[in-house]
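Structural description and commentary
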Amino acid sequence: MKTLALFGSTGSIGKQTLEVLRAFPGEFEVVGLTALTNAELLAEQAASLHVQTFLAPTPEQIDALIDRADYVINAVPGFDGLAISLAAVNAGKILLSANKESLAIAGRFLRELAQKTGAEIRPLDSEASAIWQLLTEHEEISSVTLTCSGGPFRGLTTAELASVTIEQALAHPTWKMGPKVSIDSATLINKILEVYEVHNLFDIPLKDIHITIHPQSLVHSMVHTKTGATKMHITQNDMRLFISYALHYPEQPDCPWPIERHRRSEMDFTPPDSKTFRSLQWFELHKGNPNFPIILNALNDLAVARFLRGEISFLGIYDFIEKGLERYLWETPPSSLEEMLRFHGKIQAGFRTPIM
Ligand SMILES: NC(=O)c1ccc[n+]([C@@H]2O[C@H](COP(=O)([O-])OP(=O)(O)OC[C@H]3O[C@@H](n4cnc5c(N)ncnc54)[C@H](OP(=O)(O)O)[C@@H]3O)[C@@H](O)[C@H]2O)c1
C-alpha cells in the first residue's frame, strides 16, 4: 500500500483529502497528520486512522514524517507551506500541493530540485490541475485562460468595498475554503498567484496566461490550441475531484461521487474589473519583474493576517501592499532557492511594523 503524509489535515483541503482517502479504502496508508492549533480535530482524525500527529511541526518533525511517506500532501496556506514542499521535493517524494503560494514564488526552483532528487510535483489547485489535465504532448498551445469566480465582491465599486466586513470577505460564493485563500479570492490576489503557479509548473509565458471572470466556477481553465480551438475543463466545483485526480495519476478510477450531468447552467465569461480590483493593475505593470510575485506574496501574507485580526480594512490590504511593493521591485532577483528565502525574510522583516 502507498504511504501518505497529510500536512494541514484539519483545514478545508485536509478534510476533503481524508474524504477522498475514505472513498478509496485500501489504496493509501496515512502515516501522519498535522495541524497548527486545532488539537481537538487532529486527535479525532488520528483516533480513526491510528496515526501519528504533530501540532505546529518543527522542521525535524516535518522531515521525519516525510521520510515515512511515498506521497506528501501540502494543504497548509501561505508562505509557511513552502517548508513542506521543499522538504518533500528534497526527499524525492510525490508532492501534491494545494499550497499555491510555494509554487507561485518558488515553483521553478522546486522543479529544478525535483529533477535532481527524482521528486514529482502535482498541483491540487483546481485551475492548475485543469491546465495539467488539458495539456497534451501532441498539441501545441497558443495561450491559456484561468477562470475566476470574481469572489464575493464581484460587481462592487471601490466606494462600496470601503465598508465590507471580514465576514462578507470570507463568504465566497462558490467554494468553501479556509480564511487565507478566501480573502485572496476577494482581492483577486489569489488569481495572480495562480498565474505564477501555472507559469512555473508548465513553462507557459506570462503574456500567454489570461484571466476571465466566470461566476459559475464550472470551467476551471481553458487551453487555446495553435489550431484555433479552445478546450475547457468543466467539473462541478468540488475539490475532491482534483485531489482524487492527483492521487491516482495517471490511471484514474471511476468517480465515486454523484455527478450532475444534466444540470442546467449558464456560463458567463467577462473581463475582470481591474479598476476596482487594483491588484490586477500591479500585475499588468510588474508581471515581467521576477521580484513581483515574491514581494506580493510576502506582503499579502502580512496584510491578510492583519485584515483577519481586524487591524486594517479590506481596502487597507491593497494600501498596505501598494506602499510596500515599490521598495523591493528593483533589487537583484534571487537566482536560487536560498536567495529567494532570504529575500522573502528581508521583505517581511521590513514590514512587520505598520507602514505609515
Ligand atoms: N480550500 C480550497 O478549496 C482550496 C482550493 C485550492 C487551493 N487551496 C490552497 O490550499 C491551501 C490550504 O487551504 P485551506 O483552504 O485548506 O486552508 P485552511 O482551511 O485554513 O486549512 C489550513 C490547514 O493548515 C494548518 N495550518 C495553517 N497554518 C499553518 C502553519 N503556519 N503551519 C502549519 N500548519 C498550518 C491548519 O491547522 P489548524 O486547523 O490547526 O489551523 C489547517 O490544518 C492554501 O494554500 C490554499 O490556497 C485551497
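Criteria and thresholds
Residues numbered from 1 in each chain as written. Predicted model: local features only at pLDDT ≥ 70, side-chain atom pairs only at ≥ 80, totals over all residues. Helix = DSSP H or I, 4+ residues; strand = E, 2+ residues; numbered from the N terminus. Rg over C-alpha atoms; globule rule 2.2 N^0.38 Å. Buried ≥ 20, exposed ≤ 12 C-beta atoms within 10 Å, placed from the backbone. Contact = placed C-beta atoms within 7 Å. Pairing = 2+ DSSP bridges. Axes fitted to C-alpha atoms, helices over the stretch in contact; angles between N-to-C directions. Domains from an automatic or database assignment. Nonpolar A, V, L, I, M, F, W, Y, C, P; charged D, E, K, R; others polar. Near = placed C-beta within 6 Å. Right-handed = clockwise from strand over helix to strand, strands pointing away.

1. Focus on the overall build of the protein
- Scanning the protein from terminus to terminus reveals 15 helices and ten strands.
- The C-alpha radius of gyration of the protein comes to 20 Å, within 12% of the 21 Å expected for a compact globule of 356 residues.
- Principal-axis analysis of the C-alpha atoms gives the protein an extent of 55 × 50 × 40 Å.
- In the protein, which comprises 356 residues, the proportion classed as buried is 42%.
- For the protein, the share of sequence-separated contacts (at least 6 apart) that also reach a separation of at least 24 residues comes to 70%.

2. Regarding the sheet that holds strand β9 (residues 219-225)
- Ordered by their spatial adjacency, four strands build an open sheet running β8-β7-β9-β10, and the pairing between neighbours is mixed. Both edges of this open sheet fall to β8 (209-213) and β10 (230-234), since each of them pairs with a single strand only. Strand-to-strand twist in this sheet, taken as the mean axis angle between neighbours without regard to direction, amounts to 20°.
- With five bridges joining them, β9 and β10 adopt antiparallel strand pairing. Pairing of V223 across the sheet is with K231, part of β10.
- Sheet strands touched by helix α6 (residues 126-134): β7 (141-148), β9 and β10. Its angle to β9, the strand with the most contacts, is close to 40°.
- Together, β7 and β8 form the strand contacts of helix α10 (residues 189-202), whose direction differs from that of β7 by roughly 150°.

3. Notes on the domain arrangement of the protein
- Assigned domains within the protein: domain 1 (2-123) and domain 2 (129-230 + 268-350).
- Relative to domain 2, the C-alpha centre of domain 1 lies at a distance of 23 Å.
- On the side of domain 2, 22 residues touch domain 1, which itself brings 15 residues to the contact.
- The element best represented in the side of domain 1 that touches domain 2 is helix α5 (residues 100-117), accounting for nine residues.
- Tallied by class, residues from the side of domain 1 that touches domain 2 come to eight nonpolar, four polar and three charged.

4. Concerning the site of the ligand
- Around the ligand, the surrounding shell holds 27 residues, and the nearest of these are G8, G11, A98, M177 and G178.
- Of all the secondary-structure elements, those providing two or more residues to the shell around the ligand are α1 (12-23), α5 and α9 (179-187).
- For the shell around the ligand, the leading source of residues is α1, giving three residues.
- In terms of residue class, the shell around the ligand is made up of twelve nonpolar, eleven polar and four charged.
- Composition of the shell around the ligand by domain shows at least three residues from each of domain 1 (2-123) and domain 2 (129-230 + 268-350).

5. Some details on unusual backbone geometry
- The step from Y249 to P250 runs through a cis peptide bond, and the omega angle for that step is 0°.
- Checked against the element boundaries, P250 lands in the loop between α11 (239-248) and α12 (279-286).
- Non-glycine residue H50 carries a positive phi angle of around 55°.
- Topologically, H50 is positioned in the loop between α2 (39-49) and β3 (52-55).
- A tally of 7 C-beta atoms within 10 Å means that H50 is categorised as exposed.
- The backbone of A56 sits at a positive phi, close to 45°, despite the residue not being glycine.
- Structurally, the position occupied by A56 is in the loop between β3 and α3 (59-67).
- With 11 C-beta atoms packed within 10 Å, A56 lands in the exposed category.

6. Describing the pairing of strand β1 (residues 2-7)
- Relative to strand β2 (residues 28-35), β1 is paired through six bridges, and the arrangement is parallel. Across the sheet, the residue bridging to L4 is V30, located in β2.
- Crossover connection from β1 via α1 to parallel β2: handedness right-handed.
- As paired strands, β1 and strand β4 (residues 71-74) are joined by four bridges and run parallel to one another. What sits directly across from L4, in β4, is Y71.

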